Amino acid sequence: MLTCLCDAFAGEVGIAAVRVLEAAGCDVEFLDAQTCCGQPPFNSGDWDAARTVARRTAALFQGDVPVVAPSSSCTAMMREGYAMLLPGESTPSTFELVEFLVRELGVTAWPPSPGPAMERSIAFHRACHGRGLHLGDLHEQLLSTVPGLQMLPFAQVEQCCGFGGAFAATHGPISAGIGMEKLEHLLASGADTVVSGDMGCLLHLRGLIERHGLAMRTQHVAQILAEAVPQ
């Protein structure tokens, strides 16, 4: 599943996710009819609208094939939100990308076949919904196995980036303040790239980086993993 933010702003992340899954030995099926998981109306309290979207998405992805999304946010919605919206109804088995690689496929090191060293330093930001999925440091564990990729530590690793979906629009100054505090910690690490598993976090941080002219860029974890795969 691509997710709305990837579809609208970062199609390259979806392409990278497919490349990663194929490198891990998966056959990837992409459903063109997919739309939103329903999280925006769910979080805004419009559960009737969210239920309509959720029921359509659940029907579209019905079957035994696992759904993999490059987002803990959409994954949490389909795993936990759907249970509240559609009690007793069948819903797809959905996994966040790295969660699927490590816990479902048993991947312990990346890439699957030897490739050139990346020679890069990054800092990884944990998205809040990852805590709900109990992902812990799963992303850092896998990224730390990429040859040449240096993971730099930073303070307050569990702190939110301030995005929070609609919160960034309804509470802009507070959202930006939280994001700037996050970026201060990330910049202090010495990393030139902040990596995360959710485009919401990355778009929020990228906007602040560009607005303030900071020396940092953003990338999705799928892009890092895809870059590590030998051509």
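Everything discussed here concerns the structure shown above.
Not measured: the values here are computed from a predicted model. (Residues numbered from 1 in each chain as written. Predicted model: local features only at pLDDT ≥ 70, side-chain atom pairs only at ≥ 80, totals over all residues. Heavy atoms only, no water.)

## What to know about the nonpolar core
- Residues Leu101, Trp110, Leu143 and Leu225 are the most contacted members of the largest nonpolar core, which totals 38 residues.
- Of all the elements in the fold, those that place two or more residues in this core are helix 2 (11–23), helix 6 (97–104), strand 3 (120–125), helix 8 (138–143), helix 11 (199–212) and helix 12 (221–228).
- When residues of this core are assigned to their parent elements, the largest contribution, six residues, is made by helix 12.
- Setting aside chain neighbours within four positions, we find Trp110 in contact with Val20, Ala23, Ala24, Leu101, Leu142, Thr145, Val146, Pro147, Leu225, Ala228 and Val229.
- Core analysis: the second largest hydrophobic core is formed by 16 residues, Phe61, Met77, Met78 and Leu85 among them. (Core = buried A, V, L, I, M, F, W, Y, C linked by side-chain atoms within 4.5 Å. Buried < 20%, exposed > 50% of the residue type's maximum accessible area, 1.4 Å probe, protein only. Helix = DSSP H or I, 4+ residues; strand = E, 2+ residues; numbered from the N terminus. Contact = heavy atoms within 4.5 Å.)

## Things to note about the sheet that holds strand 6 (residues 217–220)
- Reading across the sheet, the four strands line up as 4-3-5-6 and stay open at both edges, with parallel pairing between neighbours. Of all strands in the sheet, those bounded by a partner on one side alone are strand 4 (149–151) and strand 6. In this sheet, neighbouring strand axes are inclined to one another by 40 degrees on average, regardless of whether the strands run parallel or antiparallel.
- Pairing between strand 3 and strand 5 (residues 193–196): four bridges, direction parallel. Paired with Ala123 across the strands is Val194, a residue of strand 5. (Pairing = 2+ DSSP bridges. Axes fitted to C-alpha atoms, helices over the stretch in contact; angles between N-to-C directions.)

## Some points on the pairing of strand 3
- Among the six residues of strand 3, five are classified as buried, and the element is accordingly described as predominantly covered.
- Strand direction decides the pairing type here: strand 3 and strand 4, joined by three bridges, are parallel. By the bridge assignment, Ile122 is partnered in strand 4 with Met151.

## A word on the state of the cysteines
- Going through the model one piece at a time under the given rule, you end up with zero disulfides.
- Sulfur of Cys6: no disulfide; nearest cysteine sulfur belongs to Cys74 and is 8.0 Å away.
- Cys4 supplies the cysteine sulfur nearest to Cys36, a cysteine that is in no disulfide, at a spacing of 3.7 Å. (Disulfide = S-S within 2.5 Å.)

## Thoughts on the packing of helix 2 against helix 6
- Where helix 2 meets helix 6, the axes come as close as 11 Å, and the angle between the chain directions of the two elements is 5 degrees. One finds that helix 2 runs roughly parallel with respect to helix 6. Where helix 2 abuts helix 6, its residues Ala17, Val20 and Leu21 lie against Leu97, Phe100 and Leu101.
- When the residues that make up the contact of helix 2 with helix 6 are grouped by side-chain class, the tally is six nonpolar, no polar and no charged. (Parallel < 35°, antiparallel > 145°, perpendicular 65-115°, else oblique. Nonpolar A, V, L, I, M, F, W, Y, C, P; charged D, E, K, R; others polar.)

## Re the side chain of Glu96
- Examined against the element boundaries, Glu96 turns out to sit in strand 2 (residues 94–96).
- Comment: no salt bridge for buried Glu96; closest opposite-charge side chain is Arg79, at 7.9 Å.
- A polar contact is formed between the side chain of Glu96 and the backbone nitrogen of Val98, at a distance of 2.9 Å.
- Side-chain polar atoms of Glu96 contact the side chain of His139, separated by 2.9 Å. (Lys, Arg positive; Asp, Glu negative; His and termini not counted. Salt bridge = Lys/Arg side-chain N within 4 Å of Asp/Glu carboxyl O. Polar contact = N/O pair within 3.5 Å; in protein donor to acceptor, adjacent residues only side chain to side chain.)

## As for the side chain of His125
- Of note, His125 is situated in strand 3.
- By relative accessible area, His125 is classed as buried at 0%.
- Those residues in contact with His125, other than ones at most four positions away along the chain, are Phe154, Gln159, Cys160, Cys161, Lys182, Val194, Val195, Ser196, Gly197 and Cys201.

## Concerning the packing of aromatic side chains
- Applying the stated criterion to the full structure yields two aromatic pairs.
- Both rings, one in Phe42 and one in Trp47, keep their centres 4.7 Å apart while their planes meet at 20 degrees; by these two values the pair is stacked.
- What makes Phe42 buried here is its relative accessible area of 13%.
- Residue class for Trp47 comes out partly exposed when judged on its relative accessible area of 32%. (Phe/Tyr/Trp six-rings, centres within 6.5 Å; stacked < 30°, edge-to-face > 60°.)

## So, unusual backbone geometry
- In this structure, Pro111 follows Trp110 across a cis peptide bond, with omega equal to 0 degrees.
- Its identity as a non-glycine residue notwithstanding, His134 has a phi of 60 degrees, on the positive side.
- Structurally, His134 can be placed in the loop between helix 7 (128–132) and helix 8.
- Judged by relative accessible area, which is 63%, His134 ranks as exposed.
- One non-glycine residue, Gln156, adopts positive backbone phi at about 50 degrees.
- Mapped onto the fold, Gln156 is located in the loop between strand 4 and helix 9 (167–170).
- Using a relative accessible area of 44% as the deciding quantity, one classes Gln156 as partly exposed.

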